[in-house]
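Examination of the molecular architecture
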Amino acid sequence: YNCLIHFYKRLSNLHEMKFPSNQNLMMVAGLFGGFVGCTGLFMHSKLQQQFKQTAFVRESLATLKRHKGACYLLGEPIKDFNIHFHDEENNHTGDGEAIFKIPVKGPQGHGWYYIRAEPKGEQGHWVGVKCELEIEKTQMLEEEKYLDKRLVVFDSDRHGFMNI
């Protein structure tokens, strides 16, 4: 009998409870949204960092920065930027190939650096096969000389495989 009285007393106190104001609810929602946004930016940054730390990407970018033709067209220093992972047509990996399109820029111009790897090495190890630079804009040439063309920076047929 005592339990029922206690239950009814608590039930009547529920009607007297004060709910949080809309301002407080908006503050909590804003803080939660900020936390989710910061977490997303942090995870994106880590993913980009992990991608650029792979041996193939590091070596490919170093090859680009040493290439005389690329240095002439883009200028020095050549900077690389974040890859667009959502562009699955140009950035994908599969059983037989891995292809990535990396934005690059220098003081004289900017463009896209395409890198390709395949499992052609000894015992099926992945090796770098081709690296090409597509210029979008440069101050060093007339547009018709570079538009819709790619400068071959590395080719396994000429240079041998790039070990990853």
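Residues numbered from 1 in each chain as written. Predicted model: local features only at pLDDT ≥ 70, side-chain atom pairs only at ≥ 80, totals over all residues. Heavy atoms only, no water.

Secondary structure assignment for the chain yields six helices and seven strands. Element order for the chain, N to C, with α for helix and β for strand: α-α-α-α-β-β-β-β-β-α-β-α-β. Here the chain holds 164 residues, and 30% of them are scored as buried. Long-range contacts, defined here as pairs at least 24 residues apart, represent 50% of the contacts in the chain between residues at least 6 apart. Approximately 11,700 Å² of the chain is accessible, and the part contributed by carbon and sulfur atoms is 57%. (Helix = DSSP H or I, 4+ residues; strand = E, 2+ residues; numbered from the N terminus. Buried < 20%, exposed > 50% of the residue type's maximum accessible area, 1.4 Å probe, protein only. Contact = heavy atoms within 4.5 Å. Areas by Shrake-Rupley, 256 points an atom, 1.4 Å probe, with all protein chains shown as cover.)

Time to look at the pattern of salt bridges. As a working rule, side chains carrying opposite charge can pair if their charged atoms are close by. This structure, assessed with the given rule, holds ten salt bridges. Its salt-bridge partner being Lys52, residue Asp80 comes within 2.9 Å of it at the nearest N-O pair. Linking Asp80 in strand S1 (residues 79–80) with Lys52 in helix H2 (residues 22–52), this pair joins segments that are 28 residues apart in sequence. The residues Asp80 and Lys52 share a single accessibility class, namely buried. Two residues, Lys145 and Glu142, come together in a salt bridge whose shortest N-O distance is 3.1 Å. Connected via shared salt-bridge partners are Glu97, Arg116, Glu118 and Lys120. (Salt bridge = Lys/Arg side-chain N within 4 Å of Asp/Glu carboxyl O.)

Below, the discussion takes up the environment of Arg150. When you line up the elements, Arg150 lands in strand S6 (residues 150–155). Sequence separation between Arg150 and Trp112 is 38 residues; the distance between their C-alpha atoms is 9.3 Å. Beyond its immediate sequence surroundings of up to four residues, Arg150 is in contact with Tyr114, Glu132, Leu133 and Glu134. A polar contact of 2.9 Å, which involves the side chain of Arg150, links it to the side chain of Glu132. (Polar contact = N/O pair within 3.5 Å; in protein donor to acceptor, adjacent residues only side chain to side chain.)

Okay, the nonpolar core next. Within the largest apolar cluster, 25 residues are counted, with the highest numbers of intra-cluster contacts made by Leu64, Tyr113, Ile115 and Leu133. Of all the elements in the fold, those that place two or more residues in this core are helix H3 (55–66), helix H4 (68–74), strand S3 (98–105), strand S4 (109–118), strand S5 (127–138) and S6. Residues within four places of Tyr113 in sequence aside, it is in contact with Ser60, Leu61, Thr63, Leu64, Phe100, Lys101, Ile102, Val104, Cys131, Glu132, Leu133 and Val153. (Core = buried A, V, L, I, M, F, W, Y, C linked by side-chain atoms within 4.5 Å.)

Glancing now at a nonpolar patch on the surface. Taken together, the side chains of Phe32, Phe35 and Val36 make up a nonpolar region of the molecular surface, amounting to roughly 340 Å² of accessible area. Relative to the helices and strands, Phe35 is located in helix H2. (Patch = residues over 30% accessible without salt bridge, like charges linked within 9 Å, V, L, I, M, F, W, Y side chains within 5 Å.)

Turning our eyes to something else, we now look at the environment of Leu47. Considering the arrangement of structural elements, one finds Leu47 in helix H2. Expressed as a C-alpha distance, the spacing of Leu47 and Phe85, which sit 38 residues apart in the sequence, is 9.7 Å.

The subject of this paragraph is H3. The terminal C-alpha atoms of H3 lie 16 Å apart, and with twelve residues this matches the ideal 16 Å at 1.5 Å per residue to within 8%. Restricting attention to buried positions, one finds in H3 the residues Phe56, Val57, Ser60, Leu61, Thr63 and Leu64. Viewed end-on, H3 has its buried residues packed into an arc of 155 degrees, placing them on one side of the element. (Expected span 1.5 Å × (residues − 1). Arc of directions from axis to C-beta.)

Once that is clear, we can look at the side chain of Lys52. Take Lys52: its relative accessible area is 18%, and that puts it in the buried class. Of note is the side chain of Lys52, whose polar atom sits 3.1 Å from the backbone oxygen of Phe81. Those residues in contact with Lys52 that lie beyond four places of it in its chain are Val57, Arg58, Asp80, Phe81 and Asn82.

Tallied over the full model, the rule gives two aromatic pairs. Look at Phe51 and Phe85: their rings are 5.6 Å apart centre to centre, the planes differ by 85 degrees, and that puts the pair in the edge-to-face class. A residue pair is termed long-range when its members are at least 10 positions apart, and Phe51 in helix H2 and Phe85 in the loop between S1 and strand S2 (92–93) qualify at 34 residues. With a relative accessible area of 28%, Phe85 lands in the partly exposed category. Taking the centre distance of 4.8 Å and the plane angle of 65 degrees together, the rings of Phe51 and Phe100 count as edge-to-face. (Phe/Tyr/Trp six-rings, centres within 6.5 Å; stacked < 30°, edge-to-face > 60°.)

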